[in-house]
Protein chains: 2
Amino acid sequence: MKYNDTIKILKEIKLKATPQRIAIIEFLKENRTHPTPRQIYDLLKKEYPSISLATIYNTLSALKDEGIIEELYLEKDISHIECNTTPHDHFFCLSCKKIFDIMEDKYKDDIPHTIKDFKIISIRKEYFGYCDECVSKEGEN
Amino acid sequence: MKYNDTIKILKEIKLKATPQRIAIIEFLKENRTHPTPRQIYDLLKKEYPSISLATIYNTLSALKDEGIIEELYLEKDISHIECNTTPHDHFFCLSCKKIFDIMEDKYKDDIPHTIKDFKIISIRKEYFGYCDECVSKEGEN
DNA sequence: TAGTATATAAGAATAATTCTAACTTGAGAA
DNA sequence: TTCTCAAGTTAGAATTATTCTTATATACTA
Ligand SMILES: [Mn+2]
Ligand SMILES: [Mn+2]
Ligand SMILES: [Zn+2]
Ligand SMILES: [Zn+2]
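So, how was this worked out
Residues numbered from 1 in each chain as written. Chains lettered and ligands numbered in written order. Predicted model: local features only at pLDDT ≥ 70, side-chain atom pairs only at ≥ 80, totals over all residues. Heavy atoms only, no water. Helix = DSSP H or I, 4+ residues; strand = E, 2+ residues; numbered from the N terminus. Buried < 20%, exposed > 50% of the residue type's maximum accessible area, 1.4 Å probe, protein only. Contact = heavy atoms within 4.5 Å. Areas by Shrake-Rupley, 256 points an atom, 1.4 Å probe, with all protein chains shown as cover. Lys, Arg positive; Asp, Glu negative; His and termini not counted. Charge placed at Lys NZ, Arg CZ, Asp CG, Glu CD. Near = heavy atom within 4 Å. Polar contact = N/O pair within 3.5 Å; in protein donor to acceptor, adjacent residues only side chain to side chain. Buried area = accessible area lost by both parts, 1.4 Å probe. Salt bridge = Lys/Arg side-chain N within 4 Å of Asp/Glu carboxyl O. Domains from an automatic or database assignment. Nonpolar A, V, L, I, M, F, W, Y, C, P; charged D, E, K, R; others polar. Least-squares fit on C-alpha atoms with pLDDT ≥ 70 in both. Donors = N, O, S within 2.8 Å, 3.2 Å for Na, K, Ca; no water.

## A word on the overall build of chain A
For chain A, the helix and strand inventory stands at 5 helices and 6 strands. What you see in chain A, going N to C, is helices and strands ordered as α-α-α-α-β-β-β-β-β-β-α. For chain A, the spread of C-alpha atoms along the principal axes amounts to about 50 × 45 × 30 Å. Scored against the burial criterion, the 141 residues of chain A give a buried share of 40%. Residue pairs in contact within chain A that sit at least 24 positions apart in sequence constitute 43% of those at least 6 positions apart. Only carbon and sulfur atoms are counted for the fraction: they give 51% of the accessible area of chain A, which is about 8500 Å². With 22 positive and 25 negative side-chain charges, chain A shows a separation of 6 Å between the mean positions of the two kinds.

See below:
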């Protein structure tokens, strides 16, 4: 039973283990490309033709509430799902819009707990620019 | 003529100096609270009852294209206008949703130009948590 | 001051997300 | 295993931010 751990996750957060939820979680496990809800929907629709966008949103919302996933806002009007809750940075390509994970050792130590009396819960660092592939394409012109 | 420099800005980027555009730029000059397009609209409506949201969006889009302002995406579905193009960080309060500027000296030196062959254009760092005011309110309970 | 390219306003269109309500189902109880 | 029902799903409507369309208005140049 390859879904055992997924079902365990759902049990832990007291959500019924429906085929739709299992499919969403399985998909997120295999897919670390920061997909959008719409992309998840379009892909799962092949397996579950009747799946509803509302179910995608509902499930993602529940997983987010439980801290199992996060949401990234790098572009206007588009949210990307982050399945890797280990602290890390992102590089966003302004040309192809791809999001790359940037792992840095620094997260081992220098996370401050406060700044100016503000209580810090999390930190995000985002690099914007052009990925190597887009840089070479540009060079061809 | 207090609007002289605003008109100069518009001339430089070859946009007609309409009262609406002047009002938007003057508003942004005085208001460094990262307002949303809707907030700008609601406030300018008092002075220009017939102003259109489309004009706000058009003007902001033009100013952004010229690098005069930037746009921040910290919350789902909400864009905030950044009028201060000097590099700096942000603290976003998860409770009151206010955005605070965080100025750090580090921007004087350590901005890398590349990471893993990616060409970096800009960097953003965001702190999420609870501002001092919300922390004290919470303490009252 | 007139001619014209550009800008504005109002509302329609679009797109992401959320809501609603009727139908369905997973999972515990018997 | 079957029954029961709280919880979940779906389709489509509603909402909200943003963009588009187009008729009208206006800033700027000569
Ligand atoms: Mn990531
Ligand atoms: Mn700022
Ligand atoms: Zn790219
Ligand atoms: Zn606060």
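## Comments concerning the protein's contact with DNA strand C
In the vicinity of DNA strand C lie 20 residues, with A:Ala17, A:Tyr57, B:Thr18, B:Gln20 and B:Thr55 positioned nearest. Within 4 Å of the protein, the atoms of DNA strand C are drawn from sugar and phosphate moieties in a proportion of 75%. A:Ala17 has a polar backbone atom sitting 3.0 Å from a phosphate oxygen of DNA strand C. Note that a phosphate oxygen of DNA strand C is positioned 3.2 Å from one of the backbone N or O atoms of B:Ser50.

## Concerning the interface of chain A and chain B
With 32 residues of chain A at the contact, the number on the chain B side is 32 residues. Taking both partners together, chain A and chain B bury about 2800 Å²; carbon and sulfur atoms supply 64% of that area. By the criterion of area lost to chain B, the three top residues of chain A are A:Tyr73, A:Phe118 and A:Phe128, representing 22% of everything that side buries. Taken together, the connections running from chain A to chain B amount to 2 salt bridges. Where A:Lys76 meets B:Glu71, a salt bridge forms, and the shortest distance between an N and an O atom there is 2.7 Å.

## A look at the domain arrangement of chain A
Residue and element names in this part refer to chain A. Under the domain assignment used here, chain A contains domain 1 (3-81) and domain 2 (86-140). Each of domain 1 and domain 2 was reduced to a C-alpha centroid, and the two centroids are 23 Å apart. Between domain 1 and domain 2, the buried area comes to about 740 Å², and carbon and sulfur atoms account for 62% of it. The three residues of domain 1 that bury the most area against domain 2 are His34, Leu74 and Glu75, which together make up 66% of that side's buried surface. Our enumeration of links across domain 1 and domain 2 arrives at 1 salt bridge. Arginine 124 is the salt-bridge partner of glutamate 70, the closest N and O atoms lying 3.7 Å from each other. Remark: the boundary between domain 1 and domain 2 carries 3 residue pairs in polar contact (both at pLDDT 80 or more). Sort the elements by how many residues they give to the side of domain 1 that touches domain 2 and strand S1 (residues 70-75) lands first, with 5 residues. When the residues that make up the side of domain 1 that touches domain 2 are grouped by side-chain class, the tally is 2 nonpolar, 2 polar and 3 charged.

## Describing the relation of the copies chain A and chain B
With an RMSD of 0.0 Å, the operation that places chain A on chain B is a rotation of 180 degrees combined with a shift of 0.0 Å along the axis. Such a combination of rotation and displacement between the chain copies is what one expects of a two-fold axis. When C-alpha distances to the rotation axis are compared across chain A, the minimum falls at A:Lys125, with a value of 2.2 Å.

## Concerning the coordination of the manganese ion (ligand 1)
Each donor-metal-donor angle in an ideal tetrahedron of four donors is 109.5 degrees, and each such angle in an ideal octahedron of six donors is either 90 or 180 degrees. Residue and element names in this part refer to chain A. Binding of the manganese ion (ligand 1) to the protein goes through His34 (NE2), Glu82 (OE), His88 (NE2), His90 (NE2) and Asp101 (OD), at separations of 2.0 to 2.2 Å. Written as a sequence motif, the donor arrangement for the manganese ion (ligand 1) is H-x47-E-x5-H-x1-H-x10-D. Of the two residues, glutamate 82 and histidine 90, neither departs from the other in class, the shared state being buried.

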